[in-house]
Amino acid sequence: MNNMRQVVTLAGGLVWWTVTSACGPAERAPMLNPITNEPSLRAYVGEELSVELHATYAGSSSLTFSFRAPSIPNLATRAQIVPRDATSATFRWTPLATDAGSWDIDFEVSDGHSSGTETVTIDVAAAPSNKVPPTFVKPTGSGTTLDLTAKACLDLDIEVQDTDSTRVTIAEEPQKIDGATLTATGPFTATWHWCPTQAQIDAKDRYALQLSATDDTNQKSLRPYLIFLKKPACVGVGPTIVHTPVDASQVNDLTIDADVTDDKGLKAPPILYWSTTQPAAAPDITKMTPAEMLKISGNTYAADVPNPAAAMPAGSKVTLYYLIVASDNDDPTGRCNHTTQSPVYSMKVTNPGTPGGQGVCTTCSADSQCGGANDNCIHVGAGPDYYCGKACAADADCPTNYECPATAFTSVNGATARQCVPKTRSCTNPNPPACVDDSHEEDDDRVAAASRPALALGSTSGKSCPQTTGGGIDEDWYQLVIVDDSQVTITMTSGAATDLDLQLVNSAGTPLATSRNAAGQTETVTACLTKGSYYVGILSVSPPAENSYTLTYVGQNQSCAAMCVDDANEPDDTPATAQVATIQSADKYTQSGTICPNNSDLFWVYLQAGQTLYASLTFAQTTDAQDLDLWIWDSTFTSLLDGAATTHPNEYIEWLAPATGEYYVEISGYHGSQNTYSLCLSRNPAQCPVYPP
């Protein structure tokens, strides 16, 4: 039979745990088995590193496992060795951002007479995912009490843990408590100081403090905290508190209720103070944890208290001590309201050994309260609360709107595992809010837009939403009514949540101008329009998501007789936006388009060395203002062939590729000419027209 004895000592960076082994052969020096075959171990900031330690030993003395790393600040207080059996243990350490770098850690096993040591190099790197916001370590609980009969001011120590940052900014959020000061005392600590004025004392008996911590990388973390004021008693009769303690056998948190009445009503909800340490005969409530009670019906108020036995072994029993304080409203404008403090109640809380079975995103205080054996109670979001997760290996294991991050979560009881969490990273709002469409709906196509009011000059706001069924895109269309020839310019600005494009079409749906910039960039279309109806479309080319936008419509009367309307393939005048012309050995590529003044159209082709490209450009020409040119460029956009001197009104080129690679065919107007055209590209001379014939 093995006996195990654990001893923990923190001194000079050395920590040891002692285990006693079974009787065996004559003692000999213990030896640590090789810890790793690699030159070093890799650890990540904010993620627990576990190192298994195994010893070879034939003696009967107790073994001591220890570690030493004087160069790592305070490692002795931040890492631990957990015994597994008589000859093995586990080293556990969660590095901070200040631990980034390469470190040597000495691991040792000893029987008290001789020892074996192995040095391991551990490389600490930034976490692969950076989604861990700051976490408040202090203040603990949901609030505290300032006993004004004992002292006039409150000093609150604040401490924040942030595994992926070297410092945080601690602040007090609005509405700030007047007269309070917040002073930083270190990269992760601060002190909040407040001496309430008599006016503040008279006004109410509790104040809401909202602390925040930011690290400029992750979301801001918030820490709500209530400050209760205990005032001197007044002569008279206070509220009546009726409560009967009842023992509980459960792992879920406790709900304690009481009936509280007063002839003139309560000034505020009662406060329940609790502790697992028995208070003195005259209880000091400043040493107990306060919880504001909520009215649940009639004169009944209740408060939830973390189950003190939930994290303990099955069958464990803990005594919970608590009392209730209530103040009346006998003197609404003065200082003499009456306060009743109940006697100290107690209840025995037993852990029955059965899981609580709470679902994902249910508030919790222990792992045992959550659904399955591997479902843990984890910190989710920026607030202070812990919520039940759900064990997972992939996103498919999680409910809708939840995901399974690759980085494991450390639970409130120290367990480490991957868990399902809301994609919003908030259990108070686990489902993405429904997208509320704009007031112009229904306008998902030209037919619907025709029955809606026409787009007005100036700015119009709208919103692109995912469709509620089918997972499609919600397009928005606006009718444009032109009474007289007008030069119109329509600009759209939007967020970057999705890639929204802008298009102008005629009444038949033929595109007249299209703007296709990247997500979040301004889109602009311009054209000269004759009398008639046109339509402006907001088109989404990325996965469905909510995105707001603003349309700005500017119009000016102008004759459109000589105006050029570009083709729907724009933009295609740069190598990055060129149209792709795929040419097989025996077929051809054709395209029709329009060249407007000072514009060109580019086509990308890929040719093997020695292949011949046959290109013909067909267009009607009666004046030099309609002359179009045909060019060939290499991938660096160096001109290889100029077809400007070929026969008019059409252009024709036969060109042998000197090397395998990418090339560009360009169509441009001669000195600002404009015209419509037809292009034919082929590697077969019989496919495209030859000019002259």
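Scoring rules and cut-offs
Residues numbered from 1 in each chain as written. Predicted model: local features only at pLDDT ≥ 70, side-chain atom pairs only at ≥ 80, totals over all residues. Heavy atoms only, no water. Helix = DSSP H or I, 4+ residues; strand = E, 2+ residues; numbered from the N terminus. Contact = heavy atoms within 4.5 Å. Areas by Shrake-Rupley, 256 points an atom, 1.4 Å probe, with all protein chains shown as cover. Pairing = 2+ DSSP bridges. Axes fitted to C-alpha atoms, helices over the stretch in contact; angles between N-to-C directions. Buried < 20%, exposed > 50% of the residue type's maximum accessible area, 1.4 Å probe, protein only. Lys, Arg positive; Asp, Glu negative; His and termini not counted. Salt bridge = Lys/Arg side-chain N within 4 Å of Asp/Glu carboxyl O. Polar contact = N/O pair within 3.5 Å; in protein donor to acceptor, adjacent residues only side chain to side chain. Core = buried A, V, L, I, M, F, W, Y, C linked by side-chain atoms within 4.5 Å. Phe/Tyr/Trp six-rings, centres within 6.5 Å; stacked < 30°, edge-to-face > 60°. Disulfide = S-S within 2.5 Å. pLDDT = per-residue confidence, 0-100.

Novice: Before we move on, could you go through the overall build of the protein and cite the residues and values that matter?
Specialist: The helix and strand inventory of the protein stands at three helices and 51 strands. Pairs at least 24 apart in sequence give 69% of the contacts found in the protein among residues at least 6 apart. Of the roughly 33200 Å² that the protein leaves accessible, carbon and sulfur atoms contribute 51%.

Novice: How would you sum up the sheet that holds strand β23 (residues 294–297)? Please name residues and give values.
Specialist: Within the open sheet, the four strands sit side by side as β18-β20-β24-β23. Their pairing is antiparallel. Of all strands in the sheet, those with a lone pairing partner are β18 (240–242) and β23, marking the two edges. Averaged over all adjacent pairs, the angle separating strand axes in this sheet is 40 degrees, with direction ignored. The sheet contact formed by strand β20 (residues 254–261) and strand β24 (residues 300–305) spans six bridges and is antiparallel.

Novice: Give a detailed account of the sheet that holds strand β44 (residues 588–595), specifying residues and quantitative values.
Specialist: Reading across the sheet, the four strands line up as β44-β51-β46-β49 and stay open at both edges, with antiparallel pairing between neighbours. Every interior strand has two partners, whereas the edge strands, β44 and β49 (651–656), have only one. Between one strand and the next, the sheet's axes are offset by a mean angle of 15 degrees, whatever the strand orientation. Sheet analysis places β44 next to strand β51 (residues 675–682), joined by eight bridges and oriented antiparallel. The residue bridging Tyr-589 from the neighbouring strand is Leu-681, located in β51.

Novice: Tell me about the side chain of Arg-223, and name the residues and values.
Specialist: Summarising the element assignment, Arg-223 is placed in strand β17 (residues 221–230). In this structure, Arg-223 is buried with no salt-bridge partner, the nearest side chain bearing the opposite charge being Asp-385 at 6.8 Å. Side-chain polar atoms of Arg-223 contact the backbone oxygen of Pro-139, separated by 2.8 Å. Polar side-chain contacts of Arg-223 include one of 2.5 Å to the backbone oxygen of Gly-141.

Novice: Pulling in residues and values, what's your account of unusual backbone geometry?
Specialist: Peptide bonds are mostly trans, and most non-glycine residues show a negative phi. Across the junction of Lys-138 and Pro-139, the peptide omega takes the value 0 degrees, indicating a cis bond. The phi dihedral of Asn-74 is positive, around 55 degrees, even though this residue is not glycine. Backbone geometry at Asn-401 places phi at a positive 70 degrees, although glycine is not the residue there. Residue class for Asn-401 comes out partly exposed when judged on its relative accessible area of 24%.

Novice: Report on the pattern of salt bridges, specifying residues and quantitative values.
Specialist: Tallied over the full model, the rule gives four salt bridges. Between Asp-205 and Arg-206 there is a salt bridge, with its nearest N and O atoms 3.0 Å apart. Taking the relative accessible area as the measure of exposure, Asp-205 reaches 9% and is therefore buried.

Novice: Explain the environment of Thr-400 to me, and be specific about the residues and the numbers.
Specialist: Note that Thr-400 resides in the loop between β30 (386–388) and β31 (402–403). Classification of Thr-400 by relative accessible area gives exposed; the value is 66%. Sequence separation between Thr-400 and Pro-422 is 22 residues, and the spatial gap between their C-alpha atoms is 8.8 Å.

Novice: Pulling in residues and values, what's your account of the nonpolar core?
Specialist: Core analysis: the largest hydrophobic core is formed by 29 residues, its most contacted members being Leu-53, Phe-65, Phe-91, Trp-93, Ile-105, Phe-107 and Ile-122. Counting residues per element, the ones that place at least two in this core are β3 (40–44), β4 (49–56), β5 (62–68), β6 (79–85), β7 (88–93), β8 (101–110) and β9 (115–125).

Novice: Account for the packing of aromatic side chains, naming residues and giving values.
Specialist: Under the counting rule described, the total for this entry stands at nine aromatic pairs. Judged by centre distance (5.0 Å) and plane angle (70 degrees), the rings of Phe-67 and Phe-91 are edge-to-face. Of the two residues, Phe-67 sits in strand β5 while Phe-91 sits in strand β7, which places them 24 residues apart along the sequence. By the burial criterion, Phe-67 is buried, and Phe-91 matches it. Centre to centre, the rings of Trp-194 and Tyr-207 are 5.2 Å apart; their planes meet at 70 degrees, and the pair counts as edge-to-face. Placement of Trp-194 in strand β15 (residues 189–194) and of Tyr-207 in strand β16 (residues 206–214) is noted, with a sequence separation of 13 residues between them. As far as burial versus exposure is concerned, Trp-194 and Tyr-207 are alike and both buried.

Novice: Break down the environment of Ser-60 for me, with residues and values.
Specialist: Within the secondary structure, Ser-60 sits in the loop between β4 and β5. Along the sequence, Ser-60 and Ala-86 sit 26 residues apart, while their C-alpha atoms lie 9.9 Å from each other.

Novice: How would you sum up the state of the cysteines? Please name residues and give values.
Specialist: Going through the model one piece at a time under the given rule, you end up with seven disulfides. Each sulfur in the disulfide pair Cys-361 and Cys-427 lies 1.9 Å from the other. Between Cys-361 and Cys-427, the S-S dihedral sits near -80 degrees, and the bridge is therefore left-handed. A residue pair is termed long-range when its members are at least 10 positions apart, and Cys-361 in the loop between β27 (345–350) and β28 (363–364) and Cys-427 in the loop between β34 (421–422) and α3 (446–450) qualify at 66 residues. This pair shows no difference in class: Cys-361 is buried, exactly as Cys-427 is. Two residues share a disulfide in this structure: Cys-392 and Cys-404, whose sulfurs sit 2.1 Å from each other. What sets the handedness of the Cys-392 and Cys-404 disulfide is the S-S torsion sign, and at about 90 degrees it is right-handed. You can see Cys-392 sitting in the loop between β30 and β31 and its partner Cys-404 sitting in the loop between β31 and β32 (409–410), a full 12 residues away along the chain. Residue classification places Cys-392 among the buried positions, given a relative accessible area of 13%.

Novice: Provide a residue-level description of the side chain of Ser-275, including the pertinent values.
Specialist: Here Ser-275 shows up in strand β21 (residues 271–275). Owing to a relative accessible area of 13%, Ser-275 belongs among the buried residues under this scheme. With residues up to four places along the chain from it excluded, the contact list for Ser-275 reads Met-288, Thr-319, Leu-320 and Tyr-321.

Novice: Tell me about the confidence of the model for the protein, and name the residues and values.
Specialist: Averaged over the protein, the pLDDT score is 83; the fraction of residues at 70 or greater is 88%. Low pLDDT, under 50, characterises residues 1–26; the stretch is placed with 75 contacts to residues that sit more than four places away or in other chains.

Novice: Describe the environment of Thr-514, and please don't skip the residues or the numbers.
Specialist: By secondary structure assignment, the location of Thr-514 is in strand β39 (residues 511–515). Judged by relative accessible area, which is 11%, Thr-514 ranks as buried. Sequence separation between Thr-514 and Gln-503 is 11 residues; the distance between their C-alpha atoms is 4.3 Å. Apart from residues lying up to four places away in sequence, Thr-514 is in contact with Leu-502, Gln-503, Val-525, Ala-568, Glu-570 and Pro-571. A polar side-chain atom of Thr-514 sits 3.1 Å from a polar atom in the side chain of Gln-503.

Novice: Any details on the pairing of β24? Residues and values, ideally.
Specialist: Counting buried residues in β24 gives five out of six residues, a clear majority hidden from the surface. Here β23 hands over to β24 after two residues, with Gly-298 in that stretch at a positive phi of 50 degrees.

Novice: Go over the pairing of β17, please, and point to the residues and values.
Specialist: Where strand β11 (residues 143–147) meets β17, five bridges bridge the pair, whose relative direction is parallel. Among the inter-strand pairings, Asp-147 is bridged to a residue of β17, identified as Lys-230. Pairing of β16 with β17 involves eight bridges; the strand directions are antiparallel. Looking at the pairing, Ala-208 lines up with Leu-226 of β17.

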